[in-house]
Amino acid sequence: MAPIRVALIGLSSSANTSWAAQGRLPYFLSPRGISHYEIVALLNSSVSAAEAARENFVLPSSVKTYGDPNDLASDPDVDIVVYCTRVDTHELIVGPSLRAGKAVCVEWPLVENYEEAVSLTENQCLGNSMIGLQGLVSPIVLLKLKEILRSGRIGRVLSSDIHAFGDLLRRDSLPEGLTYFTDRDVAGNPITIAYAHTIYYVHEVLGEFASFQSRMQIQRRTVKIGNKDGSYIGETRTDVPDLLAGMGITYRSGQQFKGTPGFVWTINGEVGEIMITANGAYVHSDSYQEPIEIRIHGHATDEVVDVPWDWEDWRKELPHRARIVAVLYERFAHWWESGRPDGLAEELDWPRLGDTVVRMRELDEVFKQFDAQTG
């Protein structure tokens, strides 16, 4: 079967984040990825920037280079477009490919707010799309936690509690390229990214809220701006909260207490309790660089046992950031190569653009409650 032809948007050696290069590209260049996909085009801010990326990442000279999303959308030799760009660019550059009928894979957050999500998706599932909520296909979320709950080992779930810290960034400063994290209107910030990734797989494991109340605060209103050499080049005001509490989650930007986990999730049941601990802010991406532990406390025996888990061998060959992202592409490829059927078993399914609208609405409510609290 002919490979699925991929266009990458945002792959750059000078990007403010390395997610495209470290989270997306490795799978496409791996033996497993090459068996399903072929990179055929790049889109960057200009044709010359795309050409520089093609050279930097040693991609074939046959890879086309674009600087205009409309030109890319018109290319009949592209099957799926993968977007790795800032959220406030998504609506502008995703729209042309969607309207052209191409498959798309978009980073989370989908767009800047709930209204734009409804407008972009037209309240449709968009079956030939993917959203970058790869935590949903984590072996911990999809396999172990659901497996434990279905087995009845802890009985009926009574409560859930998460303490998470945005420890990929410093408490009181940001790199110069991420100063947009202080601008709520951009919609790319620790609340819409780190917290939202976490709450998404809480819902995946435990279901939806009947209702909720949350509180947020801005505890550090002035943020220092750091240079690559570690020096500070200025500071800026922020209107983005750095503390959230509610819905069974406490999230705080910045590092946790030294020597303690950056993520602790307990699920309390009638006859037992699960505890998941990780070094990072959530159970995907950089958190996998160190062991993520799952333990169960059985109330009747009063014993705590470890729950082992491991990666499939082919995923161990990929960098940590790419391991669960790769599962999204594997599932999409299976669906594409099987004739794109309707209806998939849970273990073959993946999150689509239309699935995110409900979560965008929830985020919208979180910020509305914050605005009401701050007057």
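To be clear, the structure that these remarks concern was listed above.
Residues numbered from 1 in each chain as written. Predicted model: local features only at pLDDT ≥ 70, side-chain atom pairs only at ≥ 80, totals over all residues. Heavy atoms only, no water.

### Observations regarding the pattern of salt bridges
Okay, so step 1: In this structure the tally under the stated criterion is 21 salt bridges.
Okay, so step 2: With its nearest N and O atoms 2.7 Å apart, the salt bridge here joins E204 to K146. Residue E204 is located in helix α8 (residues 191–206), and its partner K146 is located in helix α7 (residues 139–151); the two are separated by 58 residues in the primary sequence. (Salt bridge = Lys/Arg side-chain N within 4 Å of Asp/Glu carboxyl O. Helix = DSSP H or I, 4+ residues; strand = E, 2+ residues; numbered from the N terminus.)

### Re the packing of α8 against helix α11 (residues 357–374)
Okay, so step 1: The geometry of α8 relative to α11 is characterised by a closest axis approach of 11 Å and an angle of 125 degrees between their N-to-C directions. The orientation of α8 with respect to α11, classified from their angle, is oblique. You can see that α8 and α11 cross each other, and the crossing is right-handed. Contact with α8, carried on its side by I191, T192, Y195, A196, I199, Y200 and H203, involves R359, E362, L363, V366 and F367 of α11 and no other residues of that element. (Axes fitted to C-alpha atoms, helices over the stretch in contact; angles between N-to-C directions. Parallel < 35°, antiparallel > 145°, perpendicular 65-115°, else oblique. Left-handed = near helix turned anticlockwise from the far one by under 90°. Contact = heavy atoms within 4.5 Å.)

### Focus: α8
Okay, so step 1: At H197, α8 shows its largest kink, close to 25 degrees.
Okay, so step 2: For α8, the tally of buried residues reaches 13 of 16 residues, placing the bulk of the element in the interior.
Okay, so step 3: Of the residues trailing α8, G207 is marked for its positive phi of about 100 degrees. (Bend = angle between axes of the 7 residues up to and from the residue. Buried < 20%, exposed > 50% of the residue type's maximum accessible area, 1.4 Å probe, protein only.)

### Overview of the packing of helix α1 (residues 19–29) against helix α10 (residues 325–337)
Okay, so step 1: It is at 9 Å that the axes of α1 and α10 come closest, and there the two elements cross at 40 degrees. One way to sum up the angle between α1 and α10 is to call them oblique. In this structure, α1 crosses over α10, and the sense of that crossing is right-handed. Seen from α1, the contacting residues are W19, G23, R24, Y27 and F28; seen from α10, they are V325, A326, L328, Y329 and E330.
Okay, so step 2: A per-class count over the contact of α1 with α10 returns seven nonpolar, one polar and two charged. (Nonpolar A, V, L, I, M, F, W, Y, C, P; charged D, E, K, R; others polar.)

### Some words on the sheet that holds strand β8 (residues 173–175)
Okay, so step 1: Pairing is mixed across the open sheet formed by three strands, whose spatial order is β8-β10-β11. Two strands lie at the open edges of the sheet, namely β8 and β11 (232–237), each paired on one side alone. Adjacent strand axes in the sheet meet at a mean angle of 35 degrees, parallel and antiparallel pairs treated alike.
Okay, so step 2: As paired strands, strand β10 (residues 222–226) and β11 are joined by five bridges and run antiparallel to one another. Counted as the bridge partner of G226 is Y232 from β11. (Pairing = 2+ DSSP bridges.)

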